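Breakdown of the fold
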Amino acid sequence: MSSLILPPIKPSHYRPDIDGLRAIAIVSVVIFHTFPTQLPGGFVGVDVFFVISGYLISTIIFRSLEKESFSFLDFYARRIRRIFPALAFLLLGVILLGSLFLTPEEFKNLGKQTIYGSAFGENIFLIRHSGGYWDTATEMKPLMHLWTLAVEEQYYIFYPLLCWILWKVKKRVLPVLCVLWLVSFGFDLYQSQTSSIVAFFSLHTRFWELCTGCILAALVNPSISSKGLVQPIASKLREERARELGGGKIKLLTNLREKRNSIGSVAGLVFISAGILFATGDATYRPLLILLPVFGTLLLIIFRDSWIKKKNVLSSSPFVFVGLISYTWYLWHWPLLSIAKNLNGGNLPNYPTCFFLLLIGLALSLFSYFIIETPIRKKAITKKLTISLSICVFCCTLLGLLVQSLDGFPGRLGDSAAAALSSKNTFPKQNKYAKVKYGCPADLEFCWAPENSQPSLALIGDSHAHHLAFGLQKNWGKQFLLIGHPGTPPVKGIISLKHEKSSKQPLMSKALDTVINDPDIKTVVLSARWHYFVNSKKGDFQLLDYKNDSNLITLGKLLSQTISELVMHKKKVIVVLDVPQIPLNPKNCIKSRPLQTTAGNCTFQEDQRRNNDAKINEMIGKVAKNFSSVTVVDASKAICDQGICFVGDGVNSIYYHDDNHLTNKGSDLVLSKILQQGKF
């Protein structure tokens, strides 16, 4: 590499119609992201890109291998020169935009995305940290779209080596590619049913699309496909039939050939159009659906000599130009829309604003293409250029790491807002004193009591008991025991299969037994995110009894049994009805963005409470009426007043950390109002 000086590629085999195909792909993707209801299947444009990439890269590799001039250093140096300039400009630009418009939490997440994006691992990031391509939280990630670039770059890592090995082994390229196509498509079909997120974003489930183009490149290469398939077949047929029918019939055969090509190209356009117009966001059936645009692209690449070429459709200047800037436009169109969604509560802004953002993205892509990419692509590939571009992208990685490690630079907002946005529930989950004194199992997550104390009250439940502990300690002034486990209501007979390591150890039952068997504990407070169990799916929990009842009825029966046992052991029982789950981002309640001039919405209607809370509260009330020593406290009364619920004060305090957990401020507010009622 030290002596490598390569001239710019001269496109001796350039096909303008393929750039026209790129134009169809990028326009469909951009319209889908900008106006999703107008073109619901536009996302299949990325599948068109995959087929084109597979075909072009394979063609380059096979021709180099055929000429015995293939070089791994040459291949990767050219990829770096092609991809890195625009990518580095994008990452730097998006980080700048994020510093101006995103909250610290959003900016911190952008930093993490930048690390993955610059390392071509965005698809892995989305598999680990998203709910899928159509998930609202995913759409609010400004670099989400780099998952396609990650798939292609991961493909570039192993595919050239595979081709080189197969070429050396008697050119067994074609049969191996066909086998890999079948294996990848099989993986896609299987994982679309078991994990649609993995199926959508993974290389091994997307490889069959790239491989479709690879197989075509192998078929038209005479050194690989000795039978001369696809384009060569037309020439052979013409020669054979000319000999049989005489030279006068050649014109007839030529017309038949042109009709065949026209039918093939029209079919290709129809297949792609069908995918774009009729595809939906149901990823379960994606592999079968994506066959349409994949094979449509294949047909358009094969049947290039048709009326489409004669009419100069795909090869026309507008199509070619859009195709040439498609990579850069793809990079820039999405971040602007995503940041707008962050500013608009997860929703796209109105049509005029979306159209304006589309134009801004196009302008940025033109700047990138003409000012950054084109001058660099005209340069000869040298060691210095390759290393310089690599350093630029690596610096983006370091910048992303800095943003993440500094929690999104909350100081951008001022001390008061930064403190409010960092609000969480900081109450400890356990301490050694309580674990030893009460013999809490090692897996029990909540087990805390003041050092050398003898609590008379136990707060028991899941994380919605834990988030009350701060306010209880601050406002009650007496010693208490916090005990319980996440994701499990404080009743016997339920095991959370998501939160307990062993289904043979019902942790909440053990916690309740600890409280029941301690004579010093006179009062027991039961608190939980009750609807988490009521709305759970089959397989989330293991039930010891009442397996045939609905979750709501089961919870009622188990709660009644648990309270009965507590009362039998002379315990006063207080059941806390849950705080409302909120339908908005609590951190938007204050000035959370550098350029924000006013606070966001801090309220919502109480009738917007979700998850059947009314039915759950009614059930708990009916159970409590059966016991004279049981009190029901509604925590939502501290948050809601006359049908309006508050998530913060709009100045420097927020009451929720996320959509259902209280901050220290929220815990303080709720417990102060509950204790004012004198029910503890």
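A brief look at the structure comes next. (Residues numbered from 1 in each chain as written. Predicted model: local features only at pLDDT ≥ 70, side-chain atom pairs only at ≥ 80, totals over all residues. Heavy atoms only, no water.)

**Description of the overall build of the protein chain**
The secondary structure content of the protein chain amounts to 27 helices and eleven strands. Taking as baseline every contact in the protein chain between residues at least 6 positions apart, the subset at least 24 positions apart corresponds to 75%. In the structure as shown, the protein chain presents an accessible area of about 30200 Å², 60% of it carried by carbon and sulfur atoms. (Helix = DSSP H or I, 4+ residues; strand = E, 2+ residues; numbered from the N terminus. Contact = heavy atoms within 4.5 Å. Areas by Shrake-Rupley, 256 points an atom, 1.4 Å probe, with all protein chains shown as cover.)

**Section: the packing of aromatic side chains**
One pass over the full model with this rule turns up 33 aromatic pairs. Centroid distance Tyr155 to Phe207: 6.2 Å. Interplanar angle 50°. Geometry classified as tilted. On the criterion of sequence distance, the pair formed by Tyr155 in helix α7 (residues 147–168) and Phe207 in helix α10 (residues 203–219) is long-range, its members being 52 residues apart. For the residue pair Tyr155 and Phe207, the accessibility class agrees, reading buried in each case. Put simply, the rings of Phe70, Phe72, Phe75, Tyr76, Tyr155, Tyr156, Phe158, Tyr159, Trp164 and Phe207 touch in pairs and so form one group of aromatic residues. (Phe/Tyr/Trp six-rings, centres within 6.5 Å; stacked < 30°, edge-to-face > 60°. Buried < 20%, exposed > 50% of the residue type's maximum accessible area, 1.4 Å probe, protein only.)

**Notes on the environment of Asn601**
Residue placement: Asn601 occurs in the loop between β7 (572–577) and β8 (603–605). The spacing of Asn601 and Asn585 is 16 residues in sequence and 9.1 Å in space, taken between C-alpha atoms. Non-local contacts of Asn601, meaning those with residues more than four positions away in its chain, are made with Leu584, Asn588, Cys589 and Val647.

**Describing the state of the cysteines**
Under the counting rule described, the total for this entry stands at three disulfides. Note on cysteine connectivity: Cys440 is disulfide-linked to Cys447, with sulfurs 2.0 Å apart. Judged by the torsion about the S-S bond (65°), the Cys440/Cys447 disulfide is right-handed. As far as the burial class goes, Cys440 and Cys447 line up, both buried. Taking only the cysteines that form disulfides and numbering them from first to last, the protein chain has the pattern 1-2, 3-4, 5-6. With no disulfide of its own, Cys163 lies 6.7 Å from the sulfur of Cys214, the closest cysteine sulfur. (Disulfide = S-S within 2.5 Å.)

**Considering the nonpolar core**
Of all hydrophobic cores here, the largest spans 107 residues; its most connected members are Ile61, Phe62, Trp147, Tyr155, Tyr159 and Leu177. Discounting chain neighbours no more than four positions away, the residues touching Phe62 are Tyr159, Cys163, Trp167, Val173, Leu177, Cys214, Ala217, Ala218, Asn221 and Ile224. One finds Ile460, Trp530, Ile563 and Val573 within the second-largest nonpolar core, a separate group that totals 43 residues. (Core = buried A, V, L, I, M, F, W, Y, C linked by side-chain atoms within 4.5 Å.)

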